[in-house]
Amino acid sequence: DFIKRFRLSTDDAMYQPTPTWGNHIPIHKDSGLDVRQYRYYSPQTIGLDFDGLMEDLSSAPNGSAFLLHACAHNPTGVDPSKDQWSA
């Protein structure tokens, strides 16, 4: 409701990392948001898919809302490095 009420997303969408915590999708759908996903975790490297993340951020419409975990990404535990946060 908060995101829709204050128009924090230009298209009522919430981008969530892949994978994400199980509660995120139903919470955002129940709030009337269009749930979309962005790349986050790479099973091949067992780490952050930084290139995919940046591509998805760049290709989303301006004003899009993204759910970002500041640290200890749930469920992977993978965090961006200090340099990646600065990018």
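Residues numbered from 1 in each chain as written. Predicted model: local features only at pLDDT ≥ 70, side-chain atom pairs only at ≥ 80, totals over all residues. Heavy atoms only, no water.

Asks: Which parts of the structure should I look at to understand the pairing of strand β2 (residues 34-39)?
Replies: Remember that side chains alternate between the two faces of the sheet whenever the strand is regular. Sheet topology places strand β1 (residues 13-18) next to β2; 6 bridges connect them, and they run parallel. Bridge pairing links Thr18 to Arg39 in β2. The handedness of the β1 to β2 crossover, carried by helix α2 (residues 24-30), is right-handed. (Pairing = 2+ DSSP bridges. Helix = DSSP H or I, 4+ residues; strand = E, 2+ residues; numbered from the N terminus. Right-handed = clockwise from strand over helix to strand, strands pointing away.)

Asks: Just to check I follow, could you spell out the pairing of β1 for this structure?
Replies: When you tally the buried positions in β1, you get 5 out of 6 residues, the bulk of the element. With 2 bridges joining them, β1 and strand β5 (residues 65-66) adopt parallel strand pairing. Bridging across to β5, Met14 finds its partner in Ala65. (Buried < 20%, exposed > 50% of the residue type's maximum accessible area, 1.4 Å probe, protein only.)

Asks: Looking at this model, I keep getting lost on the confidence of the model for the protein. Mind explaining?
Replies: Reading fine detail from the predicted coordinates is not recommended where pLDDT is low. Residue-level pLDDT values for the protein average 89, and 90% of them are 70 or greater. Taken element by element, the predicted model of the protein shows its lowest mean pLDDT in helix α1 (residues 2-5) (70) and its highest in helix α3 (residues 50-59) (97). (pLDDT = per-residue confidence, 0-100.)

Asks: I keep staring at the packing of aromatic side chains and nothing clicks. Help me out?
Replies: For any pair of aromatic rings, the description rests on two quantities: the centre-to-centre distance and the angle between the ring planes. Following the criterion strictly, the structure yields 2 aromatic pairs and no others. Plain terms: the ring middles of Tyr15 and Phe66 are 4.5 Å apart, the flat faces sit at 10° to each other, and that makes the pair stacked. In this pair, Tyr15 is assigned in strand β1 and Phe66 in strand β5, connecting sequence segments 51 residues apart. Relative to Phe66, the ring of Tyr38 has its centre 5.3 Å away and its plane inclined at 55°; by these criteria the two rings are tilted. (Phe/Tyr/Trp six-rings, centres within 6.5 Å; stacked < 30°, edge-to-face > 60°.)

Asks: Would you mind going over unusual backbone geometry with me for this structure?
Replies: Leaving glycine out, the prevailing phi sign among residues is negative, and the prevailing peptide bond configuration is trans. Of note, the amide linkage connecting Thr18 to Pro19 takes the cis form, showing an omega dihedral of 0°. Structurally, Pro19 can be placed in the loop between β1 and α2. Looking along the chain, the bond that leaves Asn74 and enters Pro75 is cis, with omega of 20°. Here Pro75 is to be found in the loop between β5 and α4 (82-86). Even without glycine at this site, Ile46 takes up a positive phi of about 55°. Residues other than glycine seldom take positive phi values, yet Ala72 does so here, at roughly 55°.

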